[in-house]
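Structure assessment
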Amino acid sequence: SEIILKLFFLMLIKGILFIMKDILILYYSKNDSTKKMARAIGRGVESVSNVSSVIRTVKSKHYCDSDDLLVTKEDLKSCSGMIIGSPTHFGNMAAPLKEFFDGTSEEWLNGTLENKIGGVFTSTSSMHGGQETTLLSMMLPLFHHGMVIAGVPYSERNLSSTKSGGTPYGPSHV
(Lines give C-alpha, C1' and ligand atoms only; values in the text may rest on other atoms or scores of the structure.)
Protein backbone atom coordinates (compact mmCIF):
# COMPACT_ATOMS: atom_id res chain seq x y z
CA SER A 1 0.00 0.00 0.00
CA GLU A 2 2.77 2.44 0.92
CA ILE A 3 4.75 1.44 -2.21
CA ILE A 4 1.70 2.01 -4.43
CA LEU A 5 1.18 5.43 -2.85
CA LYS A 6 4.85 6.34 -3.43
CA LEU A 7 4.63 5.19 -7.06
CA PHE A 8 1.51 7.31 -7.56
CA PHE A 9 3.24 10.43 -6.23
CA LEU A 10 6.36 9.73 -8.32
CA MET A 11 4.16 9.53 -11.43
CA LEU A 12 2.40 12.75 -10.40
CA ILE A 13 5.70 14.58 -9.89
CA LYS A 14 7.02 13.24 -13.20
CA GLY A 15 3.92 14.58 -14.97
CA ILE A 16 4.13 18.00 -13.33
CA LEU A 17 7.85 18.40 -13.90
CA PHE A 18 7.56 17.34 -17.52
CA ILE A 19 8.82 20.22 -19.62
CA MET A 20 5.64 21.89 -20.78
CA LYS A 21 5.75 23.24 -24.32
CA ASP A 22 2.45 22.94 -26.14
CA ILE A 23 -0.85 22.52 -24.35
CA LEU A 24 -3.57 21.16 -26.61
CA ILE A 25 -6.93 22.77 -25.95
CA LEU A 26 -9.47 20.49 -27.57
CA TYR A 27 -13.13 21.45 -27.59
CA TYR A 28 -16.51 21.00 -29.21
CA SER A 29 -18.87 23.98 -29.40
CA LYS A 30 -22.23 24.35 -31.11
CA ASN A 31 -23.14 27.89 -30.02
CA ASP A 32 -19.61 29.29 -29.44
CA SER A 33 -19.79 29.39 -25.61
CA THR A 34 -17.31 26.55 -25.19
CA LYS A 35 -15.21 27.98 -28.02
CA LYS A 36 -14.98 31.30 -26.13
CA MET A 37 -13.88 29.42 -23.00
CA ALA A 38 -11.23 27.58 -25.05
CA ARG A 39 -9.88 30.94 -26.21
CA ALA A 40 -9.80 32.30 -22.63
CA ILE A 41 -8.00 29.17 -21.41
CA GLY A 42 -5.58 29.54 -24.32
CA ARG A 43 -4.78 33.09 -23.21
CA GLY A 44 -4.15 31.78 -19.69
CA VAL A 45 -1.82 29.08 -21.00
CA GLU A 46 0.02 31.63 -23.14
CA SER A 47 0.60 33.80 -20.04
CA VAL A 48 3.06 31.18 -18.74
CA SER A 49 6.57 31.70 -20.09
CA ASN A 50 7.80 29.11 -22.61
CA VAL A 51 4.34 27.49 -22.90
CA SER A 52 2.04 27.83 -25.88
CA SER A 53 -1.50 26.72 -26.59
CA VAL A 54 -2.71 24.78 -29.61
CA ILE A 55 -6.46 25.16 -30.03
CA ARG A 56 -8.30 22.45 -31.95
CA THR A 57 -11.86 21.27 -32.37
CA VAL A 58 -13.46 17.95 -33.30
CA LYS A 59 -15.35 16.95 -36.40
CA SER A 60 -19.10 17.51 -36.20
CA LYS A 61 -22.07 18.32 -38.39
CA HIS A 62 -21.74 21.92 -37.15
CA TYR A 63 -18.12 22.30 -38.28
CA CYS A 64 -17.36 24.90 -40.96
CA ASP A 65 -14.11 25.94 -42.61
CA SER A 66 -13.89 29.17 -40.60
CA ASP A 67 -13.70 27.20 -37.33
CA ASP A 68 -10.46 26.16 -35.64
CA LEU A 69 -8.49 23.35 -37.23
CA LEU A 70 -9.67 19.81 -36.62
CA VAL A 71 -7.64 17.82 -34.11
CA THR A 72 -5.31 15.14 -35.45
CA LYS A 73 -3.69 12.17 -33.77
CA GLU A 74 -0.38 13.99 -34.27
CA ASP A 75 -1.72 16.78 -32.02
CA LEU A 76 -2.13 14.19 -29.24
CA LYS A 77 1.42 12.91 -29.74
CA SER A 78 3.07 16.32 -29.79
CA CYS A 79 1.27 17.99 -26.88
CA SER A 80 2.75 18.25 -23.39
CA GLY A 81 -0.72 18.37 -21.85
CA MET A 82 -4.34 18.57 -22.92
CA ILE A 83 -7.39 20.47 -21.70
CA ILE A 84 -10.73 19.38 -23.18
CA GLY A 85 -14.02 21.25 -23.25
CA SER A 86 -17.59 20.51 -24.17
CA PRO A 87 -21.02 21.97 -23.62
CA THR A 88 -23.12 20.02 -21.15
CA HIS A 89 -25.65 17.74 -22.81
CA PHE A 90 -27.84 16.11 -20.17
CA GLY A 91 -24.97 16.01 -17.67
CA ASN A 92 -22.51 14.53 -20.13
CA MET A 93 -20.01 15.64 -22.76
CA ALA A 94 -21.39 16.24 -26.24
CA ALA A 95 -21.38 13.33 -28.70
CA PRO A 96 -18.79 14.78 -31.15
CA LEU A 97 -16.14 15.00 -28.41
CA LYS A 98 -16.96 11.51 -27.13
CA GLU A 99 -16.84 10.18 -30.69
CA PHE A 100 -13.32 11.54 -31.04
CA PHE A 101 -12.18 9.80 -27.85
CA ASP A 102 -13.92 6.59 -28.88
CA GLY A 103 -11.50 6.56 -31.82
CA THR A 104 -8.31 6.82 -29.75
CA SER A 105 -7.74 3.13 -28.97
CA GLU A 106 -4.42 3.09 -30.81
CA GLU A 107 -3.18 6.06 -28.79
CA TRP A 108 -4.39 4.35 -25.61
CA LEU A 109 -2.51 1.14 -26.51
CA ASN A 110 0.65 3.14 -27.32
CA GLY A 111 0.50 5.30 -24.17
CA THR A 112 0.48 8.49 -26.25
CA LEU A 113 -1.06 10.59 -23.45
CA GLU A 114 0.42 8.78 -20.45
CA ASN A 115 1.83 11.01 -17.70
CA LYS A 116 0.71 14.17 -19.47
CA ILE A 117 -1.29 16.77 -17.55
CA GLY A 118 -5.00 16.87 -18.37
CA GLY A 119 -7.88 19.16 -17.50
CA VAL A 120 -11.52 19.74 -18.45
CA PHE A 121 -13.98 22.64 -18.86
CA THR A 122 -17.64 23.03 -19.76
CA SER A 123 -20.40 25.52 -20.43
CA THR A 124 -24.14 25.17 -19.89
CA SER A 125 -27.31 27.14 -20.45
CA SER A 126 -28.46 26.87 -16.82
CA MET A 127 -26.82 27.03 -13.40
CA HIS A 128 -27.79 23.49 -12.43
CA GLY A 129 -27.43 22.03 -15.91
CA GLY A 130 -25.03 19.22 -14.99
CA GLN A 131 -21.66 20.98 -15.07
CA GLU A 132 -19.99 18.77 -12.47
CA THR A 133 -21.18 15.48 -13.96
CA THR A 134 -20.05 16.66 -17.38
CA LEU A 135 -16.60 17.54 -16.06
CA LEU A 136 -16.32 14.18 -14.31
CA SER A 137 -17.47 12.26 -17.39
CA MET A 138 -14.88 14.08 -19.52
CA MET A 139 -12.17 12.96 -17.10
CA LEU A 140 -12.88 9.27 -17.69
CA PRO A 141 -11.14 8.93 -21.08
CA LEU A 142 -8.25 11.01 -19.74
CA PHE A 143 -7.83 8.61 -16.80
CA HIS A 144 -7.92 5.64 -19.17
CA HIS A 145 -5.20 7.28 -21.25
CA GLY A 146 -3.05 7.60 -18.11
CA MET A 147 -3.18 11.36 -17.87
CA VAL A 148 -2.60 13.23 -14.60
CA ILE A 149 -5.70 15.35 -13.97
CA ALA A 150 -5.49 18.89 -12.64
CA GLY A 151 -8.52 20.75 -11.30
CA VAL A 152 -9.14 24.12 -9.72
CA PRO A 153 -7.95 24.15 -6.09
CA TYR A 154 -10.18 25.53 -3.34
CA SER A 155 -7.45 28.07 -2.67
CA GLU A 156 -8.95 29.85 -5.72
CA ARG A 157 -11.23 32.24 -3.83
CA ASN A 158 -13.53 32.82 -6.80
CA LEU A 159 -14.88 29.27 -6.36
CA SER A 160 -16.79 30.32 -3.26
CA SER A 161 -18.25 33.49 -4.74
CA THR A 162 -19.04 32.68 -8.37
CA LYS A 163 -22.57 33.18 -9.64
CA SER A 164 -21.96 31.90 -13.17
CA GLY A 165 -20.24 28.55 -12.69
CA GLY A 166 -16.92 27.16 -11.58
CA THR A 167 -16.05 23.96 -9.73
CA PRO A 168 -12.97 22.28 -8.29
CA TYR A 169 -13.26 19.73 -11.14
CA GLY A 170 -12.59 22.38 -13.77
CA PRO A 171 -13.81 25.70 -15.12
CA SER A 172 -17.48 25.98 -16.03
CA HIS A 173 -19.69 28.80 -17.18
CA VAL A 174 -23.40 29.44 -17.58
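Residues numbered from 1 in each chain as written. Predicted model: local features only at pLDDT ≥ 70, side-chain atom pairs only at ≥ 80, totals over all residues. Heavy atoms only, no water.

Its place among the elements puts Lys 98 in helix H4 (residues 95-102). For Lys 98, a relative accessible area of 39% puts it in the partly exposed group. The sequence separation of Lys 98 and Met 138 amounts to 40 residues, and the corresponding C-alpha distance is 8.3 Å. (Helix = DSSP H or I, 4+ residues; strand = E, 2+ residues; numbered from the N terminus. Buried < 20%, exposed > 50% of the residue type's maximum accessible area, 1.4 Å probe, protein only.)

Before going further, it helps to examine the packing of aromatic side chains. Scanning the model with the defined rule gives 1 aromatic pair in all. Between Phe 100 and Phe 101, the ring centres sit 5.4 Å apart and the planes meet at 80°, which makes this aromatic pair edge-to-face. (Phe/Tyr/Trp six-rings, centres within 6.5 Å; stacked < 30°, edge-to-face > 60°.)

Right, let's talk about the nonpolar core for a bit. Nonpolar side chains in soluble globular proteins tend to be buried together. Leu 26, Met 82, Ile 84, Leu 97 and Phe 101 are the most contacted members of the largest nonpolar core, which totals 21 residues. Counting only elements with at least two residues in this core, the list comes to strand S1 (22-27), strand S3 (81-89), H4 and helix H6 (131-144). At 4 residues, H6 tops the list of elements feeding residues into this core. If we ignore the near neighbours within four places in the chain, the residues touching Phe 101 are Leu 26, Met 82, Ile 84, Pro 141, Leu 142 and His 145. Of all hydrophobic cores here, the second largest spans 11 residues; its members include Ile 25, Met 37, Val 51 and Ile 55. (Core = buried A, V, L, I, M, F, W, Y, C linked by side-chain atoms within 4.5 Å. Contact = heavy atoms within 4.5 Å.)

We now examine the confidence of the model for the protein chain. In the predicted model, the protein chain carries a mean pLDDT of 84, and the fraction of residues at 70 or more is 85%. Long-range and interchain partners of residues 4-15, a stretch whose pLDDT sits below 50, account for 6 contacts in this model, where long-range means more than four residues apart. (pLDDT = per-residue confidence, 0-100.)

Along its 14 residues, H6 runs 21 Å from first to last C-alpha, staying within 8% of the 20 Å computed at 1.5 Å per residue. Those residues of H6 lying buried are Gln 131, Thr 134, Leu 135, Ser 137, Met 138, Met 139, Pro 141 and Leu 142. For H6, the elements touching its buried residues are S3, strand S4 (92-93), H4, strand S5 (117-123), strand S6 (148-149) and strand S7 (172-173). (Expected span 1.5 Å × (residues − 1).)

Note that Thr 124 resides in the loop between S5 and H6. By relative accessible area, Thr 124 is classed as buried at 11%. Only 3.0 Å separates the side chain of Thr 124 from the side chain of Gln 131, close enough to count as a polar contact. Sequence-distant contacts of Thr 124, that is, excluding residues within four places in its chain, are made with Thr 88, Gly 129, Gln 131, His 173 and Val 174. (Polar contact = N/O pair within 3.5 Å; in protein donor to acceptor, adjacent residues only side chain to side chain.)

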